[in-house]
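Geometric and topological summary
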Amino acid sequence: MHKDQGKTGAVKGYFTKRHVYVMGCTTLLCFSVGYFWNTSNDTWLDTPTQVSNAMRMIYTKPQILKPSRCDVLMMTPWFAPIVWEGTYNAEILNEQFRQRNVTVGLTVFAIKKYVVFLKKFLETAETYFMVGHRVNYYIFTDRPEEVPKVELKEGRNVVVLKVQNYPRWQEISMRRMEMINYFSQQRFINEVSYLVCVDVDMRFNDQVGVEILSNLFGTLHPGFYPAERQSFTYERRPASQAYVPRDEGDFYYAGGFFGGTVMEVYKLTKKCHEAIMVDKANGIEAIWQEESHLNKYFVYHKPTKILSPEYLWDDNLGRPEILKKRRFLAVPKNHAAIRNK
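What you are looking at is a predicted structure, and each value in this text was computed from that prediction instead of being measured.

1. Considerations on the pattern of salt bridges
In the structure shown here, the tally under the stated rule is 19 salt bridges. We note a salt bridge from Arg98 to Glu95, for which the minimum N-O separation is 2.7 Å. Here the residue Arg98 and the residue Glu95 both occupy positions in helix α2 (residues 90–100), the gap between them amounting to three residues, near one helical turn. A residue is classified by how much of its surface remains accessible, and Glu95, at 5% relative accessible area, is buried. Note that Glu191 and Arg187 form a salt bridge whose closest N and O atoms lie 2.8 Å from each other. One end of the pair, Glu191, and the other, Arg187, are both in helix α4 (residues 169–191), four residues apart, so they sit about a helical turn from each other. When its relative accessible area of 31% is taken as the criterion, Glu191 is described as partly exposed. Members of the salt-bridge network, linked through shared partners, are Glu85, Glu310 and Arg327.

Right, here's the structure in full:
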């Protein structure tokens, strides 16, 4: 027998004294680590945490066999909800977003004479947009001195971002993607949770709240929501980066109301801006500028929520029965007098 082997009962002939010593130390170490782990966990669990107190709410129970709307599509084939009046409970949603303590950024471009729409836009937004939540109004303009002073509620701010104007309104329209993309990474990512990107020549007419928020959302165009895809005014020229074949596409989305988390909006605007620049280098301009590129993006990157035409409407189209609310309305204007001025 080797000198280090000992008569250790059951381990005789299998383990040396050195092996037994090491095993004993290892066991003791494991017990010690386990003790301190449990002690530290108990301390961590006993530490007070900041948990938002949920507000008690009384509301009508949802009925599985009685859908809230039977006259409209409420869910896409990829399980994205389509938001119509009567399909959600604003009280529940407001409480959920209140607990998350979100801030929403609303971007709008007021270039050249479009600054005349800002006062009505901001005043109606203060009445109807994200009521009870924090909001940053990001106003892109070449005329910062003409941005009107509007009384704002607590937690809501106007942020003026000076940008260049361009001779053609089409160029101004397309550059929106570039500007939103740039400021998303430079500023918005540090200041807001969601971005809502809309046109300025509009006014809020009813509540537009957290029901619209999702990772990525688009809005059904008021002129095409009941149309078949062959009627959509997608870019049909294969040479353009915005090209969509006639047998593809789900809906036609409005360029005047889209958004999502800052990161998703960053990815959308980056892709669209890069495509616009490729087209420009090739001497092509998509039929509806950035709206065409937005629609191309949504064909292959499905939005996680879709807003009904309630969220972008023009009263010149009448008031169909399915439209229970007209939340965001086009302001009557003389385009020839405003554009390129």
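2. Focus: the packing of aromatic side chains
Under the definition given, this model contains 24 aromatic pairs. Where Tyr114 meets Phe117, the ring centres are 5.6 Å apart and the plane angle is 50 degrees; that geometry is what we call tilted. Take Tyr114: its relative accessible area is 16%, and that puts it in the buried class. By relative accessible area, Phe117 is classed as buried at 9%. A ring pair is formed by Phe257 and Tyr311, whose centres lie 6.4 Å apart and whose planes are at 80 degrees; its orientation type is edge-to-face. Linking Phe257 in strand β8 (residues 253–261) with Tyr311 in the loop between β9 (305–307) and β10 (328–330), this pair joins segments that are 54 residues apart in sequence. Residue Phe257 is classed as buried on the basis of its relative accessible area, which comes to 0%. An aromatic cluster is present here, built from Phe121, Phe129, Phe204, Phe217, Phe257, Tyr311 and Phe328 joined pairwise through their rings. Its guanidinium or amino end placed over the ring of Trp78, Lys302 lies 5.1 Å from that ring's centre, counting from NZ or CZ.

3. Overview of the nonpolar core
Within soluble globular proteins, side chains that are nonpolar tend to cluster in buried spots. Among the nonpolar cores identified, the biggest contains 40 residues, and Phe121, Phe129, Val196, Ile212, Leu213 and Phe257 are the most heavily contacted of them. Elements represented by at least two residues in this core include exactly α2, β2 (103–110), α3 (118–128), β3 (134–141), β5 (194–198), β6 (202–204) and β8. Excluding anything up to four places from it in sequence, Val196 contacts Val104, Gly105, Leu106, Thr107, Phe129, Ile212, Leu213, Phe217, Phe257 and Phe258.

4. So, the packing of helix α5 (residues 262–281) against helix α6 (residues 289–300)
At a minimum axis separation of 9 Å, α5 and α6 run at an interaxial angle of 125 degrees. One way to sum up the angle between α5 and α6 is to call them oblique. Crossing geometry of α5 relative to α6 is assigned as right-handed. Of α6, the residues touching α5 (which contributes Lys267, Leu268, Lys271, Cys272, Ala275, Ile276 and Asp279) are Glu290, His293, Leu294, Tyr297 and Phe298. The residue inventory of the contact of α5 with α6, partitioned by class, reads seven nonpolar, one polar and four charged.

5. Remarks on the sheet that holds β2
The strand order across the open sheet formed by eight strands is β1-β9-β7-β8-β5-β2-β3-β4, and the pairing between neighbours is mixed. Two strands lie at the open edges of the sheet, namely β1 (82–83) and β4 (156–162), each paired on one side alone. Inspection of the sheet shows β1 paired to β9 by two bridges, in the parallel sense. Its bridge partner being in β9, Val83 is matched across the sheet by Leu307. On the sheet, α3 packs against β2, β3, β4 and β5 and is oriented at approximately 170 degrees with respect to β3.

6. Remarks on unusual backbone geometry
The backbone of Asn101 shows a phi angle near 60 degrees, a positive value even though the residue is not glycine. With respect to the element layout, Asn101 can be found in the loop between α2 and β2. Judged by its relative accessible area of 49%, Asn101 falls in the partly exposed class. Here the phi dihedral of Gln289 falls at roughly 45 degrees; this positive angle occurs in a residue that is not glycine. By secondary structure assignment, the location of Gln289 is in helix α6.

Rules and cut-offs
- Residues numbered from 1 in each chain as written.
- Predicted model: local features only at pLDDT ≥ 70, side-chain atom pairs only at ≥ 80, totals over all residues.
- Heavy atoms only, no water.
- Salt bridge = Lys/Arg side-chain N within 4 Å of Asp/Glu carboxyl O.
- Helix = DSSP H or I, 4+ residues; strand = E, 2+ residues; numbered from the N terminus.
- Buried < 20%, exposed > 50% of the residue type's maximum accessible area, 1.4 Å probe, protein only.
- Phe/Tyr/Trp six-rings, centres within 6.5 Å; stacked < 30°, edge-to-face > 60°.
- Lys NZ or Arg CZ within 6 Å of the ring centre and 35° of its normal.
- Core = buried A, V, L, I, M, F, W, Y, C linked by side-chain atoms within 4.5 Å.
- Contact = heavy atoms within 4.5 Å.
- Axes fitted to C-alpha atoms, helices over the stretch in contact; angles between N-to-C directions.
- Parallel < 35°, antiparallel > 145°, perpendicular 65-115°, else oblique.
- Left-handed = near helix turned anticlockwise from the far one by under 90°.
- Nonpolar A, V, L, I, M, F, W, Y, C, P; charged D, E, K, R; others polar.
- Pairing = 2+ DSSP bridges.

Keep in mind these numbers describe shape, not what the thing actually does.
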